[in-house]
Amino acid sequence: MWGIFGGGNHNLGIDIGTSGIKIIELEHNSSGKPPRLINYVTVGFRENLPQKERERRITKNEVASLLKAALREGKIRTTNSSFSVPAFSSFISFVTMPRVDKENIKQSLLMEAQKFIPVSLEEVVLGWEVIDEPSEKEIANIRDQNKMKVLLLAVPKDIVARYREIAQMSGLKLKNLEVEAFPLLRSLATDIKKTSIILDIGSRVCNILVVSNGSLRGARNIGVGGDDLTEVLARSIDITYERADELKRNEGLLNKQVSELLTPVLGNIIEELKRVISVYKNKNPNKEIQEVILSGGTAGLKGITELFVNRLGIHTQVGDPWSKVEVDENIKNLLREKGVAFSISVGLALKKEETEI
Ligand SMILES: Nc1ncnc2c1ncn2[C@@H]1O[C@H](COP(=O)(O)OP(=O)(O)OP(=O)(O)O)[C@@H](O)[C@H]1O
Ligand SMILES: [Mg+2]
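Residues numbered from 1 in each chain as written. Chains lettered and ligands numbered in written order. Predicted model: local features only at pLDDT ≥ 70, side-chain atom pairs only at ≥ 80, totals over all residues.

## A few points about the packing of helix α6 (residues 226-237) against helix α7 (residues 241-251)
At step 1: At a minimum axis distance of 8 Å, the contact between α6 and α7 shows a crossing angle of 115°. Taken together, the axes of α6 and α7 lie roughly perpendicular to each other. Read as a crossing pair, α6 and α7 show a hand that is right-handed. Mapping the contact onto sequence places Leu 229, Thr 230, Leu 233 and Ala 234 in α6 and Tyr 241, Ala 244, Asp 245, Leu 247 and Lys 248 in α7.
At step 2: Its residues assigned to classes, the contact of α6 with α7 shows 6 nonpolar, 1 polar and 2 charged. (Axes fitted to C-alpha atoms, helices over the stretch in contact; angles between N-to-C directions. Helix = DSSP H or I, 4+ residues; strand = E, 2+ residues; numbered from the N terminus. Parallel < 35°, antiparallel > 145°, perpendicular 65-115°, else oblique. Left-handed = near helix turned anticlockwise from the far one by under 90°. Contact = placed C-beta atoms within 7 Å. Nonpolar A, V, L, I, M, F, W, Y, C, P; charged D, E, K, R; others polar.)

## As for the site of ligand 1
At step 1: Close contacts around ligand 1 come from 23 residues, with Gly 17, Gly 202, Gly 226, Gly 297 and Gly 300 the closest.
At step 2: Of all the secondary-structure elements, those providing two or more residues to the shell around ligand 1 are α6 and α7.
At step 3: Classifying every residue of the shell around ligand 1 by side-chain character gives 4 nonpolar, 14 polar and 5 charged. (Near = placed C-beta within 6 Å.)

## Notes on the sheet that holds strand β8 (residues 173-179)
At step 1: Taken in spatial order, the 5 strands line up as β3-β2-β1-β4-β8 in an open sheet, and their pairing is mixed. Edge strands, defined here as strands with exactly one partner in the open sheet, are β3 (36-44) and β8. Looking at each pair of strands side by side, their axes are set apart by 20° on average, direction ignored.
At step 2: With 3 bridges joining them, strand β1 (residues 10-16) and strand β4 (residues 80-85) adopt parallel strand pairing. When the bridges of β4 are listed, Ile 14 appears paired with Phe 83.
At step 3: Each of β1, β4 and β8 is contacted by helix α5 (residues 181-188), which is oriented at about 90° to β8, the strand it contacts most. (Pairing = 2+ DSSP bridges.)

Everything listed is a geometric property; what it means functionally is a separate question.
As structure tokens, then:
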């Protein structure tokens, strides 16, 4: 962590994950130059809890008090902040509906939305974006040319309220609240000509996104993450969780025994990816997924890209969330190694404009 003091054009990106909080502070400038990294801070939840309580849900008071501690530690004075909503606390659907004028989208969408959202529309905040690129199959089918495709987004109102309260308790101004798919796209999908999969593997959850022409075309999440890898090691070798975590981070898949134990768990993620790829190909027969971009803490697992290349036959690389950010030379190396875990917070802080929540 390092820091200089913030001013009016500084933005905070705050990612509250299962394992902890990641904060990025960027300074935007009007000269057209890339925003500059001012500060980065992480705090873990588990290290701050007694052993026996490590599995329980963290309350909003605990989140706020850790967040305040992190802001203090980073000497962060900026209050403008954007928070992310985890994939598992939101719903993303891709709706094909009759083509209507812009002014009538909301009304038409409200009629369709309940089919796609498993909770009452009264309980959610809705958002949408017209994607409007009919798939090749739809273009071939003359009847579907009068349809439009809309990305529909829903976040439960109580989740929105939770983030509002956390921001308020921490003395922050909540400027944006974004479902984590969008900041991931902003920081990682930098080549808009490509069709890619972004795979964020956190501690508990995997977020799988399909991106084409710079916009989101598919989203799925599954409850498998890096902590499952640690648990398998701890159980199979009969070592403590802490020792297993160390083994995972130090050796990764380069160690034969570790690799044999972890490959089946990672295999579940790979099988899910294959399903997502097959659904996408089925709808877009002439399009290829050209690359897999890995993100989240587990992207740091040694040997993970090779495993994905072998099993999927698709070019796989660890994402670089810093490509749109100016970073001082002396911390570049450090961030190259650990920086991909900041993809969501970087993406949040990159958004300059404020949106209505
Ligand atoms: N070098 C590494 N090798 C392997 N695993 C790692 C490494 N560094 C971190 N991890 C793992 O990454 C996970 C944390 O990732 P991340 O910070 O993206 O999760 P999170 O955002 O808190 O969780 P989630 O997204 O599931 O809510 C942990 O399981 C951790 O053990
Ligand atoms: Mg995460």
